[in-house]
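Below are the chains, spelled out letter by letter.
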Amino acid sequence: MTPEPVESTKVSILVDLLRSTTSNEQIYAEECDLSSPASVRHFCTKFLTGKEHRLDAIIFAHEHKGIGSPGRLSTTSVSQDQKERDSTSLATFLITTLLLPALLVAPSERDIRIINVVNPFYAAAAGLPFSPSLSFGSSSSSNSLFLREGHRSLRSTILTRHLQRVLDALPHASQVPKTEDGSSTVPVVSSKLQKSNIIAVSVSPGIGRADTISPLLNADWNASGSSYLGIFLYLFFFFTFVQLNY
């Protein structure tokens, strides 16, 4: 899934690289703009109505990249950054909702995974009580950047955990006990035995240069509006740590 046309050079090179590295020719890319609900619906509808719509895993990696930079490094407002955070989180929810029917009709013996990759700043908000700031469309400029990013990470984690509870609560054909003839009672599946074959988990790969440090310093020189000070700090710390490792 890429916001760029699949015919673009960047996407073609990446697909060819993945195919050669994994020795798997069954790797494809489809265009989808996660900031556009219409584009997300079109992508999911096209997938579900296609000839091949088997799903063994869904990996949401778009929420791992940091959003926003502190102080003078930032070229966008707090409200703009928060709007982007809400957009990425809502895209995760929309895709899960639209593709869930295809997952629920899959054979129960098939193990299916839904993996939500979150940013590493969840710890910044983990010790705080649940507050309205965790809801969509609300952010305070007085909150620190790490707290806002932590709220986004926790919100995605809560969604994933709730999804798992819903999946485990659904009846599964292989676990529904048979009703005896003449019995007036309705058989109930034990909550200890009833577990879904669909597993939803949240993971955080930690802090990385491309997805954490670079956005934090606004140091992506390929993007418009990047900070020259951020690029300098990024290169300074990068070469400093490289020298220390050697």
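The paragraphs below set out a description of the structure included in this document. (Residues numbered from 1 in each chain as written. Predicted model: local features only at pLDDT ≥ 70, side-chain atom pairs only at ≥ 80, totals over all residues. Heavy atoms only, no water.)

1. What about the overall build of the protein chain?
- A count of helical and extended segments in the protein chain gives 7 helices and 3 strands.
- Shown N-terminal to C-terminal, the secondary structure of the protein chain runs as helices and strands in the order α-α-β-α-β-α-α-β-α-α.
- Buried positions account for 33% of the 246 residues belonging to the protein chain.
- Of all intrachain contacts in the protein chain linking residues separated by at least 6 positions in sequence, the fraction that spans at least 24 positions is 72%. (Helix = DSSP H or I, 4+ residues; strand = E, 2+ residues; numbered from the N terminus. Buried < 20%, exposed > 50% of the residue type's maximum accessible area, 1.4 Å probe, protein only. Contact = heavy atoms within 4.5 Å.)

2. Focus: the packing of helix α3 (residues 78-104) against helix α5 (residues 145-169)
- Where α3 meets α5, the closest approach of the two axes is 11 Å, and the angle between their N-to-C directions is 15°. By the criterion of interaxial angle, the relationship of α3 to α5 is roughly parallel. The element α3 and its partner α5 pack so that their crossing is right-handed. Residues Val78, Gln82, Arg85, Asp86, Thr88, Ser89, Phe93, Thr96, Leu100 and Leu104 of α3 form the contact with α5, whose participating residues are Leu145, Arg148, Glu149, Arg152, Arg155, Ser156, Leu159, Leu163 and Leu167. (Axes fitted to C-alpha atoms, helices over the stretch in contact; angles between N-to-C directions. Parallel < 35°, antiparallel > 145°, perpendicular 65-115°, else oblique. Left-handed = near helix turned anticlockwise from the far one by under 90°.)

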